[in-house]
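What follows is each chain in one-letter form.
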Amino acid sequence: MANFTRREFLQTGLAAGTLAVSRSLPLIAQRGSATDMITLGRSGVKVTRLAFGTGTVSGQVQRELGQDGFTRLVRYAYDRGIRFFETSESYDEMHRMLGIALKGIPRDSYQLMSKVTTRDGVNPQQKFDELRRLANTEYFDIMLLHWQHTALQVAMIRMNHTGKSMDAEDYATQGPGKVAEVVTHVQEVRKQGMGVISMKLAGEGSFDREDRRKAMRFALRNAGVDCVTVGYKSPAEVNEAIENLNLALE
């Protein structure tokens, strides 16, 4: 993979180079609300503490809403104060759908994150440009790079209190992840000044409401992540996630 300076990333549509890791990350949440703007580590990027995820079952849940339904949901979340939207090249069609849903909203009023898989010998700039065009955006505020082991500025991890659908050392494992080990890694990454975003707080859709609340509380208060992302299919789920995060901060 080619090496890029921060200036070069900015010139190709990235406001912050970042890292997607599969095991851990950290940050101590202060009292506040789900829609507070917080800074992700030393990156300088400010996002709402709660993000809008578009990858439930790799985006299937969001795609099944259809463009009109998805647009209404994105606009609802925006009106509720969520200003951080995340997607990935692996979520088929979601860059395009998200770009349509956000069309007309001032670009400087929200943050946009995507994720790509990097491969040896492949220059990622073409992929970044392709995804920017699909998302109808001049830049991504954050770009996560899968399978990287060199610390950058922001990391994303799977985190919940049971270990359900969390990454393990053996990627093919079907068992629960080692929660304590992941939390330790989160703390280590935070010491390096990295921002931490957490996902899989609903155990890939398997948790009931009580466990969703516990997972949110665990991620913010025990693991100490900065920000969490949740995938939604209805306004009620947006409302619940905001409520759960607010409760976790009390």
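Going by the structure above, here's the rest.
Let us look at the structure shown here.

How each quantity is defined
Residues numbered from 1 in each chain as written. Predicted model: local features only at pLDDT ≥ 70, side-chain atom pairs only at ≥ 80, totals over all residues. Heavy atoms only, no water. Helix = DSSP H or I, 4+ residues; strand = E, 2+ residues; numbered from the N terminus. Buried < 20%, exposed > 50% of the residue type's maximum accessible area, 1.4 Å probe, protein only. Arc of directions from axis to C-beta. Axes fitted to C-alpha atoms, helices over the stretch in contact; angles between N-to-C directions. Parallel < 35°, antiparallel > 145°, perpendicular 65-115°, else oblique. Contact = heavy atoms within 4.5 Å. Nonpolar A, V, L, I, M, F, W, Y, C, P; charged D, E, K, R; others polar. Pairing = 2+ DSSP bridges.

The next subject is unusual backbone geometry. The residue Val57 is not glycine, and still its phi comes out positive at about 55 degrees. Here Val57 is to be found in the loop between strand S3 (50-53) and helix H2 (60-63). If you check the backbone angles, Asn136 has positive phi at about 55 degrees while not being a glycine. Note that Asn136 resides in the loop between helix H5 (125-135) and strand S6 (142-146). The exposure class assigned to Asn136 is exposed, which follows from its relative accessible area of 55%.

Further remarks concern H5. Along H5, the positions that sit buried rather than exposed are Phe128, Asp129, Leu131, Arg132 and Ala135. Projected down its long axis, H5 carries its buried residues within an arc of 165 degrees, all on one side. Along H5, exposed side chains directed more than 90 degrees from the buried face belong to Gln126 and Arg133. Positive phi shows up at Asn136, right after H5, with a value of about 55 degrees.

Two elements in contact, helix H4 (residues 94-101) and H5, have axes separated by 7 Å at closest approach and are oriented at 45 degrees. Put simply, H4 runs oblique to H5. Residues His95, Arg96 and Gly99 of H4 form the contact with H5, whose participating residues are Leu131, Leu134 and Ala135. Among the residues making up the contact of H4 with H5, the classes are represented as three nonpolar, two polar and one charged.

On to the sheet that holds S3. Sheet architecture is open: seven strands sit in the order S6-S5-S4-S3-S9-S8-S7, paired in parallel fashion. The sheet is open, and its two borders are formed by S6 and strand S7 (154-158), each paired with just one other strand. Neighbouring strand axes in the sheet, compared pairwise and without regard to direction, differ in orientation by 25 degrees on average. The pairing of strand S8 (residues 195-199) with strand S9 (residues 227-231) spans two bridges and is classified as parallel. Bridging from a neighbouring strand, Ile197 pairs with Cys227 of S9.

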